[in-house]
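As a plain string of letters, each chain reads:
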Amino acid sequence: MAPPCFCPSCRFSVLSSGRSVSRLVQADPGFRVDIAIDAGAPVSEQIAFLNRLEEWTLIGLAAAIVLTLTARGIRLYLEHRAGMIRITYPEGRSVTVVPGTTILEASQFHDVPHAAVCGGRGRCSTCRVRINGPLDNLPPPDESETKVLRRVGAAPDVRLACQLSPVEDISVTPLLPPNASPRDGFAKSAAMQGQEQEIAILFADIRGFTTFSEQKLPYDVVFVLNRYFRSMGEAIEQAGGRVDKFIGDGIMALFGIDGNSRDGARAGLAAAVKMSERLDELNSLLKADLSQPLRIGIGVHAGPAIVGEMGYGPAISVTAIGDTVNTSSRLEAKTKDFGAQLIVSQHLADLAEIDTSAFRHEQIEVRGRREPMSIVVFDDAKTLQAQMGKAAAGKAVQPAD
Ligand code: FES
């Protein structure tokens, strides 16, 4: 169809036609009806029907809205009566689940995108959510969830979605994108990004290992060393510590990164005791391979250190730097001078609330420190065991003679 023309001539022609029609309608009122019939305009019955149709449509729409709201109310009531729990996500999305369902399971059942790198085993922390609302009625996190949350420096209102089964309606905000990687899980931690905190640091070293390695084939050296590392690593982890690194035949471990300094100090001492026990087991196991039992020296000290992820590429790991690290290493070296298995700083013993009055106390000069340092010397770290038990029970007592 050709577009309308608005040239002056056409506009004049339309105006003059309109005036002609107007004159005809004034001269003959029936002319208007003729035009309406010719143009197919609705008659009065049809107009009345259209008006009624409009009213019915409006009534129908209003009824549909009322029915929807009523159905929604009934559903909420039935869910409430059936004990269903509603989980609300950002942007108003919500799902209902039966009690006992974890938030992560709810997300997965209802196709809500939710990160879960470890598959819901409570290890990766990528599923963590912020709880929007009161925390009072939430089941408390168990020990392993607490540990992971501490590790990522989570705020009190953050929980692992895979571990939390809400007991009432709850609103949550997933904190990591659905495609989060394992690294993302722990990368957001304030602690991991670097902060100074008081921790306990343990250094351990095998005595005379250079001589041992010179007398053995490389295969035997690697075999013995790996068995030793495994035993010591397990002892450290069982005590709640983190193996920082293996350096030659030496070990550096950190305690208290995820908790308070007292727990860190106690964990460091507990690790020393366990390491001594595991060393005895290892010596008995490797009797045929060793010309003489392995001996170790352990130094443990506590103090402020800068803790964070450090390194490059695949060699990035959480570690600590600072004077406390150097001092701990020097305490370990001092075990040679004292012929002892374990040396701990008095500061660490005080922090752990361990009574060391019956043990050997010394003052030593430590390179880099102006004041002499008070230390406690243990010929055998296992002699500390009784004190550890008493301290854990909440009281420090004199050790048995
Ligand atoms: S899915 Fe890994 S901690 Fe929850």
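This text follows the structure it describes.
Parameters and conventions
- Residues numbered from 1 in each chain as written.
- Predicted model: local features only at pLDDT ≥ 70, side-chain atom pairs only at ≥ 80, totals over all residues.
- Heavy atoms only, no water.
- Helix = DSSP H or I, 4+ residues; strand = E, 2+ residues; numbered from the N terminus.
- Expected span 1.5 Å × (residues − 1).
- Buried < 20%, exposed > 50% of the residue type's maximum accessible area, 1.4 Å probe, protein only.
- Contact = heavy atoms within 4.5 Å.
- Core = buried A, V, L, I, M, F, W, Y, C linked by side-chain atoms within 4.5 Å.
- 1 Å grid on protein atoms, 1.4 Å probe; cavity = no way out; pocket = protein on both sides within 12 Å on 5 of 7 lines; lining within 4 Å.
- Points joined across faces, edges and corners; volume = space filled by probe spheres on them.
- Nonpolar A, V, L, I, M, F, W, Y, C, P; charged D, E, K, R; others polar.
- Salt bridge = Lys/Arg side-chain N within 4 Å of Asp/Glu carboxyl O.
- Patch = residues over 30% accessible without salt bridge, like charges linked within 9 Å, V, L, I, M, F, W, Y side chains within 5 Å.
- Areas by Shrake-Rupley, 256 points an atom, 1.4 Å probe, with all protein chains shown as cover.
- Pairing = 2+ DSSP bridges.
- Axes fitted to C-alpha atoms, helices over the stretch in contact; angles between N-to-C directions.
- Parallel < 35°, antiparallel > 145°, perpendicular 65-115°, else oblique.
- Left-handed = near helix turned anticlockwise from the far one by under 90°.
- Phe/Tyr/Trp six-rings, centres within 6.5 Å; stacked < 30°, edge-to-face > 60°.

> Explain helix H8 (residues 218–238) to me, please; I cannot follow it from the model alone.
Note: α-helices contain 3.6 residues per turn, so residues at a spacing of three or four share the same orientation. With 21 residues, H8 ought to run about 30 Å at 1.5 Å a step, and its terminal C-alpha atoms sit 30 Å apart, in line with that. Those residues of H8 that sit buried are Val 221, Val 224, Leu 225, Tyr 228, Phe 229, Ser 231, Met 232, Gly 233, Ala 235 and Ile 236. For H8, the secondary structure elements touched by its buried residues are strand E6 (195–206), helix H7 (209–215), strand E7 (242–247), strand E8 (250–255), helix H9 (261–285) and strand E9 (296–310). Where H8 ends, the next residue or the one after it, Gly 240, has phi of about 100°, a positive value.

> I would appreciate a short explanation of the nonpolar core in the present structure.
The tendency in soluble globular proteins is for nonpolar side chains to be buried side by side. In terms of nonpolar packing, the biggest core is built from 46 residues, with Leu 202, Tyr 228, Ile 298 and Leu 342 touching the most fellow members. Broken down by element, the residue count for this core peaks at nine residues, all from H9. When residues no more than four places from it in sequence are discounted, the contact partners of Leu 202 are Ile 251, Met 252, Ala 253, Phe 255, Gly 268, Ala 271, Ala 272, Met 275, Ile 298, Gly 299 and Val 300. Core analysis: the next-biggest nonpolar cluster, separate from the first, contains 22 residues, Leu 104, Val 158, Leu 160 and Ile 170 among them.

> Even after reading the chapter, I still don't get the layout of surface pockets, so can you show me in this structure?
The gaps left among the atoms become clear once a water-sized probe is rolled over them. By volume, the largest pocket is sized at about 740 Å³. Along the walls of the largest pocket sit 26 residues, with Lys 147, Glu 237, Gly 240, Gly 241 and Asp 258 positioned nearest its centre. Put simply, the parts of the chain that give the lining of the largest pocket at least two residues each are helix H5 (143–151), E7, E8 and H9. No other element matches the seven residues that H5 contributes to the lining of the largest pocket. Within the lining of the largest pocket, the residues separate by chemical class into eight nonpolar, eight polar and ten charged.

> Just checking my understanding: could you explain the pattern of salt bridges for this structure?
Opposite charge on two side chains allows them to pair when their charged atoms are near. This structure, assessed with the given rule, holds 14 salt bridges. For the salt bridge of Glu 145 with Arg 159, the shortest nitrogen-to-oxygen distance reads 2.8 Å. With Glu 145 in helix H5 and Arg 159 in strand E4 (residues 158–160), this residue pair connects regions lying 14 residues apart in the sequence. The same class applies to Glu 145 as to Arg 159, namely buried. Residue Asp 380 is joined to Lys 382 by a salt bridge in which the shortest nitrogen-to-oxygen separation is 3.2 Å. We classify Asp 380 as partly exposed; its relative accessible area is 26%. Of the residues examined, Lys 382 reaches a relative accessible area of 24% and is grouped as partly exposed.

> Would you mind showing me how to read a nonpolar patch on the surface here?
On the surface, a nonpolar cluster with roughly 510 Å² of combined accessible area is contributed by Phe 49, Leu 50, Leu 53, Trp 56 and Ile 59. Within the fold, Leu 50 resides in helix H3 (residues 44–81).

> I tried to follow the environment of Val 366 on my own but got confused; where do I start?
Mapped onto the fold, Val 366 is located in the loop between strand E12 (360–364) and strand E13 (373–378). Sequence spacing of Val 366 and Ile 354 is twelve residues, and the spatial spacing of their C-alpha atoms is 23 Å. In this structure, Val 366 is in contact with Thr 327, Arg 330 and Met 373, ignoring residues within four places of it in sequence.

> Looking at this model, I keep getting lost on unusual backbone geometry. Mind explaining?
Across the chain, the bulk of peptide bonds are trans and the bulk of non-glycine residues have phi less than zero. Unlike most non-glycine residues, Ser 125 shows phi in positive territory, near 70°. As for its position among the elements, Ser 125 is in the loop between helix H4 (103–109) and strand E3 (128–131). Overall, Ser 125 belongs to the buried group, its relative accessible area being 1%. Positioned with a positive phi, Glu 353 is a non-glycine residue whose angle comes to about 60°. Looking at the element boundaries, Glu 353 is found in the loop between helix H11 (346–351) and E12.

> Quick question: what am I supposed to make of the sheet that holds E3 here?
The strands making up a sheet associate through hydrogen bonds between their backbones, and the pairing can be parallel or antiparallel. The five strands lie next to each other as E2-E1-E5-E3-E4, forming an open sheet whose pairing is mixed. The sheet terminates laterally at strand E2 (94–97) and E4, the two strands that pair on one side only. On average, adjacent strands in this sheet sit at an angle of 35° to one another, irrespective of strand direction. Pairing geometry for strand E1 (residues 85–88) and strand E5 (residues 170–174), over two bridges, is parallel. Across the sheet, the residue bridging to Ile 87 is Ile 170, located in E5.

> How should the packing of H8 against H9 be read in this particular structure?
Two numbers describe a pair of packed helices, the interaxial angle and the distance between the axes. At a minimum axis separation of 8 Å, H8 and H9 run at an interaxial angle of 150°. It follows that H8 is roughly antiparallel to H9 by the angle criterion. Relative to H9, the crossing made by H8 is right-handed. Where H8 approaches H9, its residues Arg 227, Tyr 228, Ser 231, Met 232, Glu 234, Ala 235, Ile 236 and Gln 238 are matched on the opposing element by Ala 271, Lys 274, Met 275, Arg 278, Leu 279, Leu 282 and Leu 285.

> Any chance you could explain the packing of aromatic side chains here in plain terms?
Aromatic rings considered in pairs are described by the distance between their centres and by the relative angle of their planes. Within this structure, the stated rule accounts for four aromatic pairs. With centroids separated by 4.2 Å and ring planes inclined at 35°, the aromatic side chains of Phe 229 and Phe 246 adopt a geometry described as tilted. A residue pair is termed long-range when its members are at least 10 positions apart, and Phe 229 in helix H8 and Phe 246 in strand E7 qualify at 17 residues. Phe 229 sits in the buried class, given a relative accessible area of 12%. The class for Phe 246 is partly exposed, based on a relative accessible area of 40%. Joined through ring pairs, the aromatic side chains of Tyr 228, Phe 229 and Phe 246 make up one cluster.

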